[in-house]
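Fold and contact review
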Amino acid sequence: MQISHYKKLTLFLVLFTAGMLVAANAADSFYTDPYKLEYPDYFGNRISIPADNLTTKQGVYLGRMLFYETKLSSSKTISCASCHQQKLAFADSKAFSFGINDMPTKRNSMSLSNLLWVRNFFWDGRAKGLEEQAKFPLNDPHEMGNYLEQAVKDLQKTKEYPPLFKAAFGSTEITVDRLTKAIAQFERTLISANAPYDKYLRGEYKPTPEELNGMELFMNSPVPSKNIRGANCAQCHGTPKMYMELFHNNGLDSIPKDIGREEITGMQNDRGRFRVATLRNIELTAPYMHDGRFKTLEEVLDHYNEHILPSRTLSLSLQDRSNVENGKTLGLTVQEKSNIISFLKMLTDTDFINDPRFADPHLKKK
Amino acid sequence: MKKNIFALTVLLAMFFTTFSTTLWAQKASKEAAVKVEGEVLKTLSLTLSDFAKLPHVEATMKDRDGQLQHYSGVPVFELLKLAGVTLGKELKGENLTKYMLVRSSDGYEVVFSLAELDPAFANRVIILADRKDGKPLADGVGPFRLVVPDENRPARSVLEVSNLIVRFAKE
């Protein structure tokens, strides 16, 4: 079949333009797979994912690589995982942690589980959003050595990272912004929801009498006139996530050395107030409180039962609650304290601390 | 030599005085205020002294033990009006999808619809109180608390109110 000269020219031009348009589009767009975050209904949907950092499989994988990446520290020995160890529910076992130059951190490393629901990070709530939080340890001279800008350059020179950044963000250019976004994406996947307590909520686990009594005491407020025993923990640590996003002074000191949230807000009412931390995996995350002053759960229960110290900002939830009519302290028995601890141990999620999806991806290569 | 030592001492004294005033300035804490913000024409930040100048009304509510308590404060409706929120004649159409989020400085939050704060819709007067039985509010309760009369639980009568945020519901 003979095609006329003009028709050939037109066909060529059309194909050429089409080819250029396709190429132009392909260059700008990149394809990522959404990461489906799964959690029980009873956690509720008040999750926090910014519109400019949706959770993708590529972002999560990169974030996990970075979470365990010691190249992000100036000494090349510290990664996020140094103070946030999976087997301890992403906390560590020290009161204060030690960074690159063996200087202690100001406060106890918090456990990283179920951060998808948290909106104000750190003990004093100073960071709004995981992306903002990640910058703090990376920039801290005593934690990872204020090395972030240089680390970005170091990673750019490696063979493995630029392609991972391209997969997650569509460009091989590594920036501080993309680095912290990836870490945040990985952290959102750290969901702990399969402890014996969760199995109990699903009707799959039968608690022992001690655990059940501990649970009741945890959930109930004491009403001595009606013979109702209670520890009222749920006032602040209630809901299946085992925390409510509140800042309270829990009576650790009458005159706190660490003024907590007051440092951020400048308000006297916030003196000695710290974020109510989750009690999930609490058996693993000793020592306890913002300064790690309590080494055991027994010490914690003793504090709440007998040693709450007064101050202007002491939480109202911890005042005038007693199992004794007009009592000044909570008044639980030794057995009741022990039962509450039995219940707290129901919050240990062995699946979470062993989940290979959250483990160190660099180990395979060693 | 003596002149040099004297001059040095004066300089050091001046240096430390300046330095310590900076320290003092940092230690001085902020005055508690309630902020009205969001879908407003004018963001308000009211301290206790600002608030005291506004016309007050009384409101009562039952506490946890069922005792009646007497508070004095400003109707939330009046505070929102001051900030230029769409109330009264303007509370219609899409403005009825607005809510007011009350936040406490301890992080506690509850929500009200605009309509339940507006006398054009509801007869119950919800106030932001700064006094109880004629006295300032206690630590942990004040300086401002919400008083919502006639509710079966006091959970919405937020203590230590720091923010009133008006927004459109997102759907």
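Quick notes on the overall build of chain A
- Per the secondary structure count, chain A includes 14 helices and four strands.
- Considering only C-alpha atoms, chain A reaches an extent of 105 × 50 × 45 Å along its principal axes.
- Split into buried and exposed, the 366 residues of chain A put 40% on the buried side.
- Counted over contacts in chain A with a minimum sequence separation of 6, partners at least 24 positions apart contribute 68%.

Here's the deal with the overall build of chain B
- Secondary structure summary: chain B contains three helices and 10 strands in total.
- Out of the 171 residues belonging to chain B, those deemed buried represent 26%.

Notes on the domain arrangement of chain A
- If you check the domain split of chain A, you get domain 1 (1–30), domain 2 (41–192 + 352–365) and domain 3 (196–348).
- Between the C-alpha centres of domain 1 of chain A and domain 2 of chain A there is a distance of 46 Å.

Comments concerning the interface of chain A and chain B
- With 13 residues of chain A at the contact, the number on the chain B side is 10 residues.
- Looking at the side of chain A that touches chain B residue by residue, the classes come out as four nonpolar, five polar and four charged.

Overview of the confidence of the model for chain B
All names here are of chain B.
- When the pLDDT values of chain B are averaged, the result is 89; 85% of them are 70 or greater.
- Low pLDDT, under 50, characterises residues 20–27; the stretch is placed with zero contacts to residues that sit more than four places away or in other chains.
- Predicted complex, confidence summary: ipTM 0.85, pTM 0.87.

Some details on the pairing of strand 7 (residues 127–132) of chain B
Residue and element names in this part refer to chain B.
- Where strand 4 (residues 68–75) lies against strand 7, five bridges are found, and the strand directions are antiparallel. Residue valine 74 lies in a different strand from strand 7, and its bridge partner there is leucine 128.
- Across three bridges, the pairing between strand 7 and strand 9 (residues 145–147) is antiparallel. The residue bridging leucine 128 from the neighbouring strand is leucine 146, located in strand 9.
- As paired elements, strand 7 and strand 8 (residues 135–136) share two bridges and run antiparallel to each other.

Brief notes about the sheet that holds strand 6 (residues 109–113) of chain B
All names here are of chain B.
- On the basis of which strands lie adjacent, the open sheet formed by five strands has the order 2-1-10-5-6 and mixed pairing. The sheet is open, and its two edges are formed by strand 2 (44–47) and strand 6, each paired on a single side. Ignoring which end each strand starts from, the neighbouring axes of this sheet average 15 degrees apart.
- Two strands pair when backbone bridges link them, and strand 1 (residues 33–38) and strand 10 (residues 161–168) are joined in this way by four bridges, in the parallel orientation. Following the sheet pairing, glycine 38 is matched in strand 10 by valine 166.

A few points about the environment of A:Ala95
All names here are of chain A.
- Take alanine 95: it is sitting in the loop between helix 3 (80–83) and strand 1 (120–121).
- Between the alpha carbons of alanine 95 and arginine 293 there is a distance of 6.8 Å; along the sequence they are 198 residues apart.
- When neighbours within four sequence positions are excluded, alanine 95 is seen to be in contact with Asn108, Pro287, Asp291 and Gly292.

Comments concerning unusual backbone geometry
- The linkage connecting A:Ala286 with the following residue, A:Pro287, adopts the cis geometry, with an omega of -5 degrees.
- Structurally, A:Pro287 is set in the loop between strand 4 (274–275) and helix 12 (297–306).
- Cis geometry is found at the peptide bond from B:Gly142 to B:Pro143, where omega equals 10 degrees.
- Within the secondary structure, B:Pro143 is located in the loop between strand 8 and strand 9.
- Look at A:Ala89: it is not a glycine, yet its phi comes out positive at around 55 degrees.
- Considering the arrangement of structural elements, one finds A:Ala89 in the loop between helix 3 and strand 1.
- Accessibility expressed as a C-beta count within 10 Å gives 25 for A:Ala89, which makes it buried.

Details of the nonpolar core
- Core analysis: the largest hydrophobic core is formed by 51 residues, its most contacted members being A:Leu66, A:Phe67, A:Phe165, A:Ala182 and A:Ile183.
- Elements with a contribution of two residues or more to this core: helix 2 (57–67), helix 3, helix 4 (130–139), helix 5 (148–157), helix 6 (161–169) and helix 7 (176–188) of chain A.
- The residue makeup of this core includes at least three contributed by each of domain 2 (41–192 + 352–365) and domain 3 (196–348) of chain A.
- Contact partners of A:Leu66, with chain neighbours within four places excluded, come to A:Leu72, A:Leu179, A:Ala182 and A:Ile183.
- By size, the runner-up hydrophobic cluster in this structure holds 31 residues, among which are B:Val74, B:Ile127, B:Val148 and B:Val161.

Digging into helix 9 (residues 209–219) of chain A
All names here are of chain A.
- What helix 9 keeps buried is the set Glu211, Gly214, Met215, Leu217 and Phe218. The buried side chains of helix 9 occupy one side of the element, clustering within an arc of 165 degrees when seen end-on.
- Along its buried surface, helix 9 packs onto helix 10 (234–237) and helix 13 (334–345).

Describing the environment of A:Phe186
Residues and elements named next belong to chain A.
- Assignment of secondary structure puts phenylalanine 186 in helix 7.
- A count of 26 C-beta atoms within 10 Å places phenylalanine 186 in the buried class.
- Through-space distance from the C-alpha of phenylalanine 186 to that of leucine 62 is 7.9 Å; in sequence the pair is 124 residues apart.
- Setting aside its immediate chain neighbours within four residues, phenylalanine 186 contacts Val60, Gly63, Arg64 and Phe67.

What to know about the pairing of strand 1 of chain B
Residues and elements named next belong to chain B.
- Direction of pairing for strand 1 relative to strand 2: antiparallel, over a ladder of four bridges. Bridge pairing in strand 2 places alanine 33 opposite threonine 47.
- Joining the antiparallel neighbours strand 1 and strand 2 is a turn of five residues.

Details of helix 12 of chain A
All names here are of chain A.
- Taken residue by residue, helix 12 has Leu297, Val300, Leu301 and Tyr304 as its buried positions. All buried residues of helix 12 fall inside an arc of 95 degrees around its axis, so they share one side.
- The inward-facing, buried residues of helix 12 abut helix 13.

Rules used throughout
Residues numbered from 1 in each chain as written. Chains lettered and ligands numbered in written order. Predicted model: local features only at pLDDT ≥ 70, side-chain atom pairs only at ≥ 80, totals over all residues. Helix = DSSP H or I, 4+ residues; strand = E, 2+ residues; numbered from the N terminus. Buried ≥ 20, exposed ≤ 12 C-beta atoms within 10 Å, placed from the backbone. Contact = placed C-beta atoms within 7 Å. Domains from an automatic or database assignment. Nonpolar A, V, L, I, M, F, W, Y, C, P; charged D, E, K, R; others polar. pLDDT = per-residue confidence, 0-100. Pairing = 2+ DSSP bridges. Axes fitted to C-alpha atoms, helices over the stretch in contact; angles between N-to-C directions. Core = buried A, V, L, I, M, F, W, Y, C linked by C-beta atoms within 7 Å. Arc of directions from axis to C-beta.

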